[in-house]
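# A look at the structure
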Amino acid sequence: MALDPDDPRPPYVQVANALRAAILTRKFTPGDKLPSRNELAKTYNVAPMTVQNAIRELRDEGLIVSRQGSGVFVRERTERPVGLRPHIERAFEAQDVTIDFAGFSGETLHGVITEPLDKIRIGRLRPESITVRLLVPDPTQPWSLPVTVDEHADSPLFRKRAEEIMRRHTLAIVDSVTELGELGLVNKATAQVRVHPAPPMFKLYLINNEETFFGFYPVREHVINFGGETQAIYDLMGKDAILFHHSINDDDTSTGSQYVDQAKTWFDSLWNSVATDYQR
């Protein structure tokens, strides 16, 4: 499993990313011993010191632990915040890719989905189908959150600003996905944006109907400039939302499979009832 020579990232970062994805997707489960440094060096066709640097990265993140004289093990841990990126990237290795998102703007998803879409364009990935659905709040209706600090009132100026951000990220995802189908790089590629009347208090990602990521939006006060005028807003801070991971592959004592099933049921119910297509 040699590293990609066209990847500009340092080799130790690539090795760390590959091992991180294997851990977070439970190819290596908590308590498992990782292959030796020399074995990993042969696997990725790199120097042992490169593996050592990758191991250090994962140890600093708390994913693994070294035991003197025994080796390196995946840390036994309770539910903890995890990163979305390696799971999205691995999802595109499947034959049929499905990603559902419910949240405020889709900014985070736009950032992490860009790389696997680029890999499809240059022929390094080739799924048969891609289906992306995005649920966001309707910016044409007054919101109960975010609101002004002084009056706890809806702010049309803020909604206009928020819509510009939402349009930029969600429509970029739609255009990028549908382009793959138009170019014949994927047999079937669809992406849709729908809006609904409720303010999102959390963000949800459903990946290949096998994994979910869920996180609450913290509400923070900050000042925003609108055309030279400032306004204090209680805003939903997406970048501060800690995501928690649930998978159908979780062990038998967890509720991972039930959580994934319920997340899909909730998403489908909203998508098929009050949500309407977003008009560009």
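Now for a quick tour of the structure. (Residues numbered from 1 in each chain as written. Predicted model: local features only at pLDDT ≥ 70, side-chain atom pairs only at ≥ 80, totals over all residues. Heavy atoms only, no water.)

### A look at the overall build of the protein chain
- Broken down by element type, the protein chain carries 7 helices and 12 strands.
- For 280 residues, the compact-globule estimate of 2.2 N^0.38 gives 19 Å, and the protein chain sits close to it at 21 Å.
- Structurally, the protein chain occupies a C-alpha span of about 65 × 45 × 40 Å along its principal axes.
- The buried share of the protein chain, taken over its 280 residues, is 44%.
- Of the contacts made within the protein chain by residues no fewer than 6 positions apart, 72% connect residues no fewer than 24 positions apart. (Helix = DSSP H or I, 4+ residues; strand = E, 2+ residues; numbered from the N terminus. Rg over C-alpha atoms; globule rule 2.2 N^0.38 Å. Buried < 20%, exposed > 50% of the residue type's maximum accessible area, 1.4 Å probe, protein only. Contact = heavy atoms within 4.5 Å.)

### Here we look at the pairing of strand β4 (residues 129-137)
- Most of β4 is tucked away: 8 of the 9 residues are buried.
- Between strand β3 (residues 96-102) and its parallel partner β4, the chain crosses via helix α5 (residues 107-121), and the hand of that crossover is right-handed.
- Note: β4 against strand β6 (residues 188-196), 9 bridges, orientation parallel. The partner of T131 across the bridge, within β6, is T190. (Right-handed = clockwise from strand over helix to strand, strands pointing away. Pairing = 2+ DSSP bridges.)

### With respect to the environment of I233
- When you line up the elements, I233 lands in strand β10 (residues 229-236).
- When the C-alpha positions of I233 and G31 are compared, they lie 46 Å apart, and in sequence the two are 202 residues distant.
- Excluding anything up to four places from it in sequence, I233 contacts P146, V147, T148, V149, S155, F158, R220, E221, H222 and I224.

### Quick notes on the pairing of β10
- Looking at chain direction, strand β5 (residues 147-148) and β10 are connected through 2 bridges and run antiparallel. By the bridge assignment, T148 is partnered in β10 with I233.
- In sequence, strand β9 (residues 219-226) turns back onto β10 through a hairpin of 2 residues, with G227 there showing a positive phi of about 55°.

### Topic: the sheet that holds β5
- Across the sheet, which stays open at both edges, the 3 strands sit in the order β5-β10-β9 with antiparallel pairing between neighbours. The outermost strands of the open sheet, each flanked by one partner alone, are β5 and β9.
- Of the strands in this sheet, β9 and β10 are in contact with helix α6 (residues 156-182), which crosses β9 at around 90°. (Axes fitted to C-alpha atoms, helices over the stretch in contact; angles between N-to-C directions.)

### Considering the sheet that holds β3
- Sheet architecture is open: 7 strands sit in the order β11-β8-β7-β3-β4-β6-β12, paired in mixed fashion. One side of each edge strand has no neighbouring strand; the edge strands of this open sheet are β11 (244-247) and β12 (276-277).
- As paired elements, β6 and β12 share 2 bridges and run antiparallel to each other. For R194, the partnering residue across the bridge sits in β12 and is D277.

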